[in-house]
Amino acid sequence: MVFFWRKSEEEKLAEKGDKNAILKLIEKGKRDRAIQVLEGFKDDPELRKILYDLYLKEGKYYFAYQLIEHYDKNLGTAWERATIYERVGEKEKALQEYLRIGNFESLTKAGHLLYQMDKKEEALSVFERSLNLAPALKREELQEIIRKIKEELGLLQVKKESFIEKIRKGLQKTKEKALFGIILRGRKVDEALFEELEETLVRADIGAKTAINVVEELKKEAIKRNIKESEGLRDLLKEKLSSLLTGCQDNIKVKEGKTNIYLFLGVNGSGKTTTIGKLAYKFVSEGKRVLLCAADTFRSAAVEQLEVWAKRSGADIVKREEGADPASVVFDAMKRASEYHLVLIDTAGRLHTKEPLIRELRKIKSVIQRFYPEEPTETFLVLDATLGQNSISQAKVFKEAVDITGIILTKLDGTAKGGAIIPICRELKVPVKLLGVGEGLDDLQPFDAEVFVQELLSVEV
Ligand SMILES: Nc1nc2c(ncn2[C@@H]2O[C@H](COP(=O)(O)OP(=O)(O)OP(=O)(O)O)[C@@H](O)[C@H]2O)c(=O)[nH]1
Ligand SMILES: [Mg+2]
């Protein structure tokens, strides 16, 4: 009897808005009754908060939402409000709260919401912000999401072309191909043919001396093997050119499970920035984390250009203002490098100031080695194929500054001087690792000497 009397006394107190009595009701598990009572005191901030907490505990999100909407926009925590908004379908409001919180969890939530709302570009940028704050264990999951969105936005479309098809596509644009194709098609082997061949080899920029040698040897072989038709010379020429390219070919090095630093050197306009963009795209498509370092601080446009490539490829970027010390940008990049598989460093190539250029490049290298004594994994010299052999002299300046591990020959799609690849690699004694065959994301190929020569002399023009 006493028990019932005391209980109703408590309820009476509660009904009058006595906070302690209400809390006692809740303590005893009479949540519904407490809610019923509290709903009469929504104007009282203290009791309202108790009601709000109860709504959340009971999963009555819509009621909690109404409290927020009609009584107090700051009720509870921002995270709670965001969750409530999300539950009741107020996506826009949920989004605003998540963005305001701005931590890893909330930005990830905001990214998902934006994606659901079909705002993919915004989702991408929010996920990228969230990635910057992500704990190590969450990074991969987030990268995968980012990669997927990029693919959907067409930022990472992977063309299904075979390796050989790609090389063909690139080389089809080279002009020598047409020349050799025509000379070697359906002709009698005679002095005039040899002269034309020699001329074409010179025009292809393989070097006059080499051209004369090649043709001399072809003549001897043609007599020895009694070759009468030009078609028969094709294989001989292939053999000869291939042997000249022995040792000129190598793959780019990537140390698995480590941070790889690649340094890109070359004169203005040789194609450094474009090549970095293409290579970043290739690595990001393979699921690697890539950081671009804008150490060409000479012009602000150079930094902007690299930023565009970072966006297109899905790589991150480290930059500073125009005119900043390039080595200091490299320093910033090195501080973050351990989070990445690859760091690609863009440099300025002002050749008219040779001594400062050499000093600058050495300084950059020493900054890299302060952090990673074994790096750079690759120091690429980017050369413009349209300059042909003329690029050899500029190459020597860079070689003087730092050791070059590979040549990247760009713009091979628009030149008749692709033959220069032979003197370039033989004279510099550095292998050619990549070829640039256009301005698109996909227009970068590994250099394969055999395929290169084969395509050069192929009849399908
Ligand atoms: N056709 C063709 N154009 C290319 C290729 N690579 C680069 N280019 C173009 O060449 C021009 C110069 O390329 P960049 O990448 O800006 O050269 P860079 O070495 O960074 O030049 P600076 O930043 O001035 O030192 C750009 O218009 C590119 O689009 C290629 O393989 N083929
Ligand atoms: Mg550049």
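Here, the structure is the one placed above.
For every chain, the first residue of its written sequence is number 1, and the numbers climb from 1 along that sequence. Here every chain gets a letter starting at A, and every ligand a number starting at 1, in the order they are written. Thresholds applied to this predicted model are a pLDDT of at least 70 for local features of residues and 80 or more for the giving and counting of side-chain atom pairs; totals over whole chains, interfaces and linings are not thresholded and use all residues. Note that water and hydrogens are dropped before the side-chain values are worked out from all heavy atoms of the structure.

Novice: What is the right way to read the sheet that holds strand β8 (residues 444-446) from this model?
Specialist: Either a parallel or an antiparallel arrangement is found when strands of a sheet pair, and the pairing is made through backbone hydrogen bonds. For two strands to be treated as a pair, DSSP must find no fewer than two bridges joining them. Only DSSP runs of H or I covering at least 4 residues are called helices, and only runs of E covering at least 2 are called strands; the numbering of each starts at the N terminus. Spatial strand order, β3-β2-β4-β1-β5-β6-β7-β8: eight strands in an open sheet with mixed pairing. Strands with a single pairing partner mark the edges of an open sheet, and in this sheet they are β3 (316-318) and β8. Geometrically, the sheet is characterised by an average inter-axis angle of 25 degrees between neighbouring strands, direction not taken into account. Relative to β8, strand β7 (residues 432-436) runs antiparallel, the two sharing three bridges. Across the sheet, the residue bridging to L434 is P446, located in β8. Lying over the sheet, helix α16 (residues 272-285) contacts β1 (260-265), β2 (290-294), β4 (342-346), β5 (378-384), β6 (406-410), β7 and β8, oriented at roughly 170 degrees with respect to β4. To obtain each axis, a line is fitted to C-alpha atoms, and for helices this fit is confined to the stretch in contact; angles are then taken between N-to-C directions over 0 to 180 degrees. Working rule for contacts: check all heavy atoms of both residues, and any pair within 4.5 Å makes them a contact.

Novice: I would appreciate a short explanation of the site of ligand 1 in the present structure.
Specialist: The full set close to ligand 1 counts 19 residues, and K272, T273, T274, D413 and E439 are the nearest of them. Two N or O atoms count as a polar contact when they lie within 3.5 Å, although within protein this holds only if one can serve as hydrogen donor and the other as acceptor, and sequence-adjacent residues are included solely when both atoms are side-chain atoms. Between ligand 1 and the protein, one listed contact pairs an oxygen atom with a side-chain N or O atom of R299 at 3.1 Å. Separating an oxygen atom of ligand 1 from a backbone N or O atom of V437 is a distance of 3.5 Å. Notes on ligand 1: free accessible area 650 Å², of which the protein chains cover 81%. Per-element tally for the shell around ligand 1: the top contributor is α16, with four residues. One heavy atom within 4 Å of a molecule or strand is enough for the residue carrying it to be called near that molecule or strand. Residue burial considers only the protein chains on display, and all accessible areas are found by Shrake-Rupley using a 1.4 Å probe.

Novice: Mind showing me how you'd approach the state of the cysteines here?
Specialist: In protein chemistry, a disulfide is the covalent bond that joins the sulfur atoms of two cysteines. Disulfides are defined as cysteine sulfur pairs within 2.5 Å. Counted under the stated rule, the structure contains one disulfide. At a sulfur-sulfur separation of 1.6 Å, the disulfide partner of C248 is C425. With C248 in the loop between α15 (230-244) and β1 and C425 in helix α21 (residues 421-428), this pair connects stretches of sequence that are 177 residues apart. Partly exposed residues are those whose accessible area sits between 20% and 50% of the maximum for their type, while under 20% is buried and over 50% is exposed, using a 1.4 Å probe and protein chains only. Judged by relative accessible area, C248 falls into the buried class, the value being 3%. Owing to a relative accessible area of 4%, C425 belongs among the buried residues under this scheme.

Novice: Looking at this model, I keep getting lost on the packing of aromatic side chains. Mind explaining?
Specialist: Think of a pair of aromatic rings as described by two things: how far the centres are apart, and how the planes are tilted against each other in angle. We call Phe, Tyr and Trp rings a pair once their centres come within 6.5 Å, taking the six-membered ring for Trp, and we label the pair stacked below 30 degrees between planes, edge-to-face above 60, and tilted otherwise. For the structure on display, the rule yields nine aromatic pairs. Centre to centre, the rings of W79 and Y98 are 5.3 Å apart; their planes meet at 65 degrees, and the pair counts as edge-to-face. Pair noted here: W79 is in helix α6 (residues 78-87) and Y98 is in helix α7 (residues 91-101), with a separation of 19 residues, a long-range link. Looking at W79, the relative accessible area reads 34%, which means it is partly exposed. Taking the relative accessible area as the measure of exposure, Y98 reaches 0% and is therefore buried. Relative to F380, the ring of F264 has its centre 5.3 Å away and its plane inclined at 45 degrees; by these criteria the two rings are tilted. Of the two residues, F264 sits in strand β1 while F380 sits in strand β5, which places them 116 residues apart along the sequence. Accessibility assignment for this pair places F264 and F380 in one class, buried. Charge over a ring is defined by NZ of Lys or CZ of Arg lying within 6 Å of the ring centre and within 35 degrees of the ring normal. The ring of Y340 carries the charged tip of R289 above its face, separated from the ring centre by 4.2 Å.

Novice: Would you mind going over the environment of W309 with me for this structure?
Specialist: Structurally, W309 is set in helix α17 (residues 300-313). Residues W309 and L244 lie 65 residues apart in sequence; the distance between their C-alpha atoms is 36 Å. W309 has contacts with T273, T274, G277, K278, L292, E439 and L441, leaving out every residue within four places of it along the chain.

Novice: Which parts of the structure should I look at to understand helix α10 (residues 136-152)?
Specialist: Since one α-helical turn is 3.6 residues long, residues separated by three or four positions face the same way. Between the first and last residue of a helix there are one fewer steps than residues, each counted as 1.5 Å, and that sum is the expected span. Over its 17 residues, α10 runs 25 Å from end to end, which matches the ideal 24 Å to within 8%, given 1.5 Å per residue. For α10, the complete set of buried residues consists of R139, L142, Q143, I146, I149 and K150. Relative to the axis of α10, the buried residues are bounded by an arc of 130 degrees and lie together on one face. The outward face of α10, more than 90 degrees from its buried face, is lined by the exposed residues L137, E140 and E141. Note: the arc covers the axis-to-C-beta directions of the helix.

Novice: Looking at this structure, I do not really get the side chain of E11. What am I missing?
Specialist: Within the secondary structure layout, E11 lies in helix α1 (residues 2-15). E11 sits in the buried class, given a relative accessible area of 18%. Apart from residues no more than four positions distant in its own chain, E11 is found in contact with L25, K30 and R33.

Novice: Any chance you could explain unusual backbone geometry here in plain terms?
Specialist: Negative phi is the rule for most residues except glycine; trans is the rule for most peptide bonds. Residue P376 is bonded to the preceding E375 through a cis peptide linkage, with omega at 0 degrees. The topology assignment puts P376 in the loop between α19 (354-371) and β5. In the Ramachandran plot, D205 falls in the positive-phi region, its phi being about 70 degrees despite a non-glycine side chain. On the basis of relative accessibility, which here comes to 14%, the residue D205 falls in the buried class. Positive phi, close to 55 degrees, is recorded for N226, a residue that is not glycine. Mapped onto the elements, N226 comes out in the loop between α14 (208-224) and α15.

Novice: Any chance you could explain the packing of α19 against helix α20 (residues 391-401) here in plain terms?
Specialist: Any two packed helices are characterised by the angle at which their axes cross and by the distance between the axes. Their axes nearest at 9 Å, the elements α19 and α20 cross at an angle of 45 degrees. As the angle between them shows, α19 and α20 are arranged oblique. For the element pair α19 and α20, the recorded crossing hand is right-handed. Between α19 and α20, the contacting residues are K354, L357, I358, L361 and R362 on the first element and V397, F398, E400 and A401 on the second. All residues other than Ala, Val, Leu, Ile, Met, Phe, Trp, Tyr, Cys, Pro, Asp, Glu, Lys and Arg, Gly among them, are scored as polar; the first ten of these are nonpolar and the last four charged. Counted by class, the contact of α19 with α20 contains six nonpolar, no polar and three charged residues. Orientation categories follow fixed angle ranges, with anything under 35 degrees roughly parallel, anything over 145 roughly antiparallel, 65 to 115 roughly perpendicular, and all other angles oblique. When the near helix sits turned anticlockwise from the far one by under a right angle, the crossing is termed left-handed; a clockwise turn instead gives a right-handed crossing.

Novice: Explanation requested: empty space enclosed by the protein in the structure shown.
Specialist: With a probe scaled to a water molecule rolled over the atoms, the places where space remains empty come into view. Points on a 1 Å grid over protein atoms alone make up a cavity when a 1.4 Å probe fits among them but cannot get out, and a pocket when they form an open set with protein on both sides within 12 Å along at least five of seven lines; lining residues each have an atom within 4 Å of a point. Grid points are joined across faces, edges and corners, and a volume is the space filled by probe spheres set on the points. Inspection of every chain in the model, using the stated rule, returns one cavity of 30 Å³ or more. Volume-wise, the largest cavity comes out at about 60 Å³. In this structure, the largest cavity is lined by F180, L201, A204, I206, L241, L245, G419, I421, I422, F452, V453 and L456. Every element with two or more residues in the lining of the largest cavity is listed here: α21 and α22 (449-456).

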